[in-house]
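Analysis of the macromolecular model
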Amino acid sequence: MGKYIIAGNWKMNKLPSETYDFVKEVAKATEGAKCEVVCCTPYVCLAEAVRAAEGTHVKIGAENLHFEDKGAYTGEVSADMLKDIKVDYVIIGHSERRQYFAETDETVNLKVKKALEKGLIPILCVGESLEEREAGITMDLIAIQIKKAFAGIEAEDAKKVVIAYEPIWAIGTGKTATAEQAEEVCKGIRDIIGQLYCPKCAAEYTIQYGGSMNAANAEELLGKDNIDGGLIGGASLKSEDFAKIVFSVK
Ligand code: 13P
């Protein structure tokens, strides 16, 4: 439906000194890809990643940003700083940030707005915990996450946001959502977007799946109507594995 995007989320892995060669490796291994290829790296790796990606098809993203423009926010990084070093994407609201770093639906909304204002493409993460799934409230919870993240964002801007459905119970656990479970929620997300904006434009949004996506299961997941890409953790750290996922987009 939307444009296909396969994005790696390195999380807190890889060193700045490994970054240049690895991004070059990814660029080589994914040459001829039929989708957008993105590497999201730790802040300290970004400059090297951008340098390595220059002149290739690979785009670079950050894993977070702050919603203020500048000021006394020790340890934080602004959208202008990311733009200044030519970063294109930024992950916002990853469940690890919600869980360990006090990210809320409100700060996620502020960050999505700031990214859009500054011309960064947000990859907005939503997803339920195992308890929430077992309680049968997955779609209610995701509807709240989506509605709050998009609050105050006009339709023209909203469609620049990439949405990543990442069930928390599938992240780093080796437990992938079945293709049917992933499709059901991604379709649900598209329906919510359709209600918020317009049903017709909902088809233009990129909705990714993330959570133990790998070379073996990518093709089935990416074959579903409402899954337009992946946000890949562990399998993005080896260029061959990542490339296999990229080439699962036919
Ligand atoms: P894994 O692919 O390691 O499960 O991580 C998924 C993820 O959190 C990507 O943002």
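Refer to the structure printed above.
The structure reproduced in this document is the subject of the present report. As the structure is a computational prediction, the values presented were derived from the model and not from experiment.

1. Some points on the layout of surface pockets
Size it by volume and the largest pocket reaches roughly 390 Å³. The wall of the largest pocket is formed by 14 residues, among which Lys11, Met12, Glu63, Arg97 and Phe101 lie closest to the centre. With 3 residues, the top contributor of residues to the lining of the largest pocket is helix 4 (residues 95-100). Within the lining of the largest pocket, the residues separate by chemical class into 6 nonpolar, 4 polar and 4 charged. In this structure, the second largest pocket occupies an estimated 210 Å³ of space.

2. Remarks on helix 7 (residues 138-149)
Here helix 7 contains 12 residues, and its C-alpha end-to-end distance of 16 Å stays within 8% of the 16 Å for a straight helix at 1.5 Å per residue. The set of residues buried in helix 7 consists of Thr138, Leu141, Ile142, Ala143, Gln145, Ile146 and Ala149. Tucked inside the fold, the buried residues of helix 7 contact helix 4, helix 5 (105-118), strand 5 (121-126), helix 6 (130-134), strand 6 (162-165) and helix 9 (179-196).

3. Some details on the site of the ligand
Around the ligand, the neighbouring residues are Asn9, Lys11, His94, Glu166, Ala170, Ile171, Gly172, Gly211, Ser212, Leu231, Gly233 and Gly234. At 2.7 Å, a backbone N or O of Ser212 approaches an oxygen atom of the ligand. Separating an oxygen atom of the ligand from a backbone N or O atom of Gly233 is a distance of 2.9 Å. For the ligand, whose unbound accessible area comes to 300 Å², protein coverage reaches 95%. With respect to the pocket detection grid, the ligand is positioned in the second largest pocket. A class-by-class count of the residues in the shell around the ligand yields 3 nonpolar, 7 polar and 2 charged.

4. Structural notes on unusual backbone geometry
A positive phi angle is found at Lys86, which is not glycine, with a value near 70°. Following the sequence through the fold, Lys86 ends up in the loop between helix 3 (79-84) and strand 4 (89-92). For Lys86, a relative accessible area of 61% translates into the label exposed. In this structure, Ser212 is a non-glycine residue whose phi angle is positive, near 55°. Mapped onto the elements of the fold, Ser212 is located in the loop between strand 7 (207-210) and helix 10 (218-222).

About the criteria used
Residues numbered from 1 in each chain as written. Predicted model: local features only at pLDDT ≥ 70, side-chain atom pairs only at ≥ 80, totals over all residues. Heavy atoms only, no water. 1 Å grid on protein atoms, 1.4 Å probe; cavity = no way out; pocket = protein on both sides within 12 Å on 5 of 7 lines; lining within 4 Å. Points joined across faces, edges and corners; volume = space filled by probe spheres on them. Helix = DSSP H or I, 4+ residues; strand = E, 2+ residues; numbered from the N terminus. Nonpolar A, V, L, I, M, F, W, Y, C, P; charged D, E, K, R; others polar. Expected span 1.5 Å × (residues − 1). Buried < 20%, exposed > 50% of the residue type's maximum accessible area, 1.4 Å probe, protein only. Contact = heavy atoms within 4.5 Å. Near = heavy atom within 4 Å. Polar contact = N/O pair within 3.5 Å; in protein donor to acceptor, adjacent residues only side chain to side chain. Areas by Shrake-Rupley, 256 points an atom, 1.4 Å probe, with all protein chains shown as cover. Sits in = over half its atoms within 2 Å of the grid points.

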